[in-house]
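Results of the structural survey
One letter stands for each residue in the lines below.
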Amino acid sequence: MAAARADDGLSHHALIHGDQREYLLHIADFVRAGLAGGEPVLVSVPGHRDQMVRDRLGRESGVTYADMTETGRNPARIIPQLRTFADAHPGQRVRFVAEPAWPGRSAAELREVTRHEALVNLAFAGTQASILCLYDGDALGRSVIGGARCTHPAVFAGGMLQPSAGYAGPQNMPAECERALPPPPARAEAVSYRTGLRPIRSLVERRAGRSGLSGDRTASLVLAVSELAANTLRHTSTGGMVHVWDTPEEILCQVRDHGWIADPLAGRTRRDAVESGHGLWLVNQLCDLVELRTGQAGTTVRLHMRRLRDGAL
């Protein structure tokens, strides 16, 4: 494998791999090429793969590890993680190994992975960074692999690095990420708001508690919905609508208003304390998944919070 290296600016490549041997070989080559050039490296793979990657790399100094199943549970948190790592090494080129998509992720999560990958090209344009994103070509669906080809300028496949014919460019979002979200189910409870937030908070707290969400996670979800609704009241004059429902796996809250979020990186870039617009950042830190659709007709934000399972959450 030729190291994914650019001497100036961003290098953002995908590896579509087959078996475990190929997976580990490419990671080791990529990491060691960076270390040989004095580049700090961050490796973030799902927890079940972490130990075998560590075993393959041995005790290489200059490598930091993170669990992607935690950081990337909400894919909107990955760009801030990389930004923090890059900012911790000013004046140095950095390397990042990421596996944001894995078997078992929901369709909604995988769509947001594709959105994240597209936004990497915008967020880090001109940044001194080499990023290698890992995709299991045997276990992930064709649409996921297609998304990888659409969001990476070049792709490793069959051991060769090739320009991606499907790459959409740094300013373009894949169409699947922009399609309207399906409507809330008929069983969803809804409340409109124009002035105060108390009815919204009461609804979310009641439904979250009934769904078995822990007290801390219920408080986080109430806070997240409140932040979004407060943005509605701050920036629009027409109010909004909140829907709340649950499934066996999670509780969902949707906030809809007539505002328009123009910044595609909103919620992925921490703003200065004197600036407005912290709400989406906080929402992404609190929730397990955030889906956002925005345009001149209005904005819909759908929040996902996993229900309590096996005492893990």
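Report on the accompanying structure. What you are looking at is a predicted structure, and each value in this text was computed from that prediction instead of being measured.

Cut-offs used in this document
Residues numbered from 1 in each chain as written. Predicted model: local features only at pLDDT ≥ 70, side-chain atom pairs only at ≥ 80, totals over all residues. Heavy atoms only, no water. Helix = DSSP H or I, 4+ residues; strand = E, 2+ residues; numbered from the N terminus. Buried < 20%, exposed > 50% of the residue type's maximum accessible area, 1.4 Å probe, protein only. Contact = heavy atoms within 4.5 Å. Areas by Shrake-Rupley, 256 points an atom, 1.4 Å probe, with all protein chains shown as cover. Lys, Arg positive; Asp, Glu negative; His and termini not counted. Charge placed at Lys NZ, Arg CZ, Asp CG, Glu CD. Pairing = 2+ DSSP bridges. Axes fitted to C-alpha atoms, helices over the stretch in contact; angles between N-to-C directions. Phe/Tyr/Trp six-rings, centres within 6.5 Å; stacked < 30°, edge-to-face > 60°. Lys NZ or Arg CZ within 6 Å of the ring centre and 35° of its normal. Core = buried A, V, L, I, M, F, W, Y, C linked by side-chain atoms within 4.5 Å. Salt bridge = Lys/Arg side-chain N within 4 Å of Asp/Glu carboxyl O.

When its secondary structure is counted, the protein chain shows nine helices and twelve strands. Taken along its principal axes, the extent of the C-alpha atoms in the protein chain is 60 × 40 × 35 Å. Each of the 313 residues in the protein chain was classed as buried or not, and the buried ones make up 53%. Counted over contacts in the protein chain with a minimum sequence separation of 6, partners at least 24 positions apart contribute 71%. When the accessible area of the protein chain is evaluated, it comes to approximately 14200 Å², of which 50% is carbon and sulfur surface. Between the mean site of the 36 positive side-chain charges and the mean site of the 34 negative ones, the protein chain shows a separation of 5 Å.

What follows covers the sheet that holds strand β8 (residues 189–193). Taken in spatial order, the five strands line up as β8-β9-β10-β12-β11 in an open sheet, and their pairing is antiparallel. Looking at the sheet topology across the chains shown, the edges are occupied by β8 and β11 (289–295). Strand-to-strand twist across the sheet, computed as the mean angle between neighbouring axes with direction ignored, equals 15°. For strand β9 (residues 240–246) and strand β10 (residues 250–257), the ladder comprises seven bridges, and the chain directions are antiparallel. Its bridge partner lying in β10, His-243 is registered against Gln-254. Against the sheet, helix α5 (residues 107–123) touches β11 and β12 (298–306), its axis set at about 60° to β11. Sheet strands touched by helix α8 (residues 215–235): β8, β9, β10 and β12. Its angle to β12, the strand with the most contacts, is close to 175°.

This next bit is on the sheet that holds strand β3 (residues 63–67). What holds strands together in a sheet is hydrogen bonding between their backbones, with the strands either parallel or antiparallel. Read from one edge of the open sheet, seven strands run β3-β2-β4-β5-β1-β6-β7, paired in mixed fashion. The two strands at the open ends of the sheet, each matched to only one other strand, are β3 and β7 (160–163). Put simply, the sheet's adjacent strands are angled 20° from each other on average, direction ignored. The pairing of strand β4 (residues 94–98) with strand β5 (residues 129–136) spans five bridges and is classified as parallel. In the strand pairing of β5, Arg-95 is matched with Ser-130. Sheet strands touched by helix α4 (residues 78–87): β2 (41–45), β3, β4 and β5. Its angle to β4, the strand with the most contacts, is close to 155°.

Counted according to the given criterion, the structure contains zero aromatic pairs. Between Arg-95 and the ring centre of Phe-30, over which it is positioned, the NZ or CZ distance is 4.5 Å. Between the NZ or CZ atom of Arg-105 and the centre of the ring of Trp-102, over which it lies, the distance is 4.2 Å.

We now examine the nonpolar core. In terms of nonpolar packing, the biggest core is built from 31 residues, with Phe-96, Ala-101 and Tyr-135 touching the most fellow members. Sorting the residues of this core by element identifies β1 (10–17), α4, β4, α5, β5 and α6 (142–151) as the ones contributing at least two each.

Attention now goes to the pattern of salt bridges. In this structure the tally under the stated criterion is 19 salt bridges. As a salt-bridge pair, Arg-32 and Glu-60 come within 3.1 Å of each other at their nearest N and O atoms. Here Arg-32 is found in helix α1 (residues 20–36), whereas its partner Glu-60 is found in the loop between α2 (47–57) and β3, with 28 residues between them in sequence. Take Glu-60: its relative accessible area is 30%, and that puts it in the partly exposed class. With a closest N to O distance of 3.4 Å, Arg-306 and Glu-109 form a salt bridge. Within this pair, whereas Arg-306 is found in strand β12, its partner Glu-109 is found in helix α5, the two being separated by 197 residues in sequence. Classification of Glu-109 as buried rests on a relative accessible area of 11%. What emerges from the salt-bridge pattern is a single network uniting Glu-189, Arg-206, Arg-207, Arg-210, Asp-246 and Arg-307.

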